[in-house]
Amino acid sequence: QIRILVTAADVIHSWTIPALGVKIDSTPGRLNQTNFMINRPGLFFGQCSEICGTNHSFMPIVIESIPMKNFIKWINNNSSLDDWKQVLVS
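This one's a predicted model, so the numbers in the text were calculated from it and none came from an experiment.

> Where do I start with the side chain of S26 in this structure?
On the secondary structure map, S26 appears in strand β3 (residues 22-26). Excluding residues that lie within four positions of it along the chain, S26 makes contacts with V6, T7, A8, V11, I12 and H13.

So, in structure tokens, the structure goes:
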């Protein structure tokens, strides 16, 4: 189960990742949330799906899903992420 929180700094964005069945709006000054599940490793591609400004329809979005043990290994190998290590250990 993945929960994401989104907001925007400039204009309303409406992004989508069709393979995951996710579409959500991000609005300046507001917090929006959605949940979804990814059951397999892979790359999932999406884009900003509204014309919210110049070239925004070409704004690519990529989510990479990897097994949990690979993610933990990645966290442990990146010493600049000490704060995340504390979250995972506790």
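> In this structure, what is going on with the sheet that holds β3? I would like to understand it.
Within a sheet, each strand pairs with its neighbour through backbone hydrogen bonds, oriented either parallel or antiparallel. Spatial ordering of the open sheet is given by β3-β2-β5-β6, a layout of four strands whose pairing is antiparallel. Where the open sheet ends on each side, the last strands, each with one partner, are β3 and β6 (60-65). On average, each strand axis in the sheet is tilted by 20 degrees relative to the strand beside it, whichever way the strands run. By the bridge criterion, six bridges tie strand β5 (residues 42-48) to β6 in an arrangement that is antiparallel. Along β6, the bridge assignment pairs L43 with E64.

> Any chance you could explain a nonpolar patch on the surface here in plain terms?
A contiguous nonpolar patch, built from I66, M68, F71, I72 and W74 and spanning about 470 Å² of accessible area, is present on the exposed surface. Along the chain, the position of M68 falls in helix α1 (residues 68-77).

> Explanation requested: the packing of aromatic side chains in the structure shown.
We describe a pair of aromatic rings using the distance from one ring centre to the other and the angle between the two ring planes. The tally for this structure, following the rule as stated, stands at one aromatic pair. Arranged with centres 6.1 Å apart and planes meeting at 25 degrees, the rings of F71 and W74 form a pair that is stacked. One end of the pair is F71 and the other is W74, both in helix α1 and three residues apart, which spans about a single turn.

What counts as what
Residues numbered from 1 in each chain as written. Predicted model: local features only at pLDDT ≥ 70, side-chain atom pairs only at ≥ 80, totals over all residues. Heavy atoms only, no water. Helix = DSSP H or I, 4+ residues; strand = E, 2+ residues; numbered from the N terminus. Contact = heavy atoms within 4.5 Å. Pairing = 2+ DSSP bridges. Axes fitted to C-alpha atoms, helices over the stretch in contact; angles between N-to-C directions. Patch = residues over 30% accessible without salt bridge, like charges linked within 9 Å, V, L, I, M, F, W, Y side chains within 5 Å. Areas by Shrake-Rupley, 256 points an atom, 1.4 Å probe, with all protein chains shown as cover. Salt bridge = Lys/Arg side-chain N within 4 Å of Asp/Glu carboxyl O. Phe/Tyr/Trp six-rings, centres within 6.5 Å; stacked < 30°, edge-to-face > 60°.

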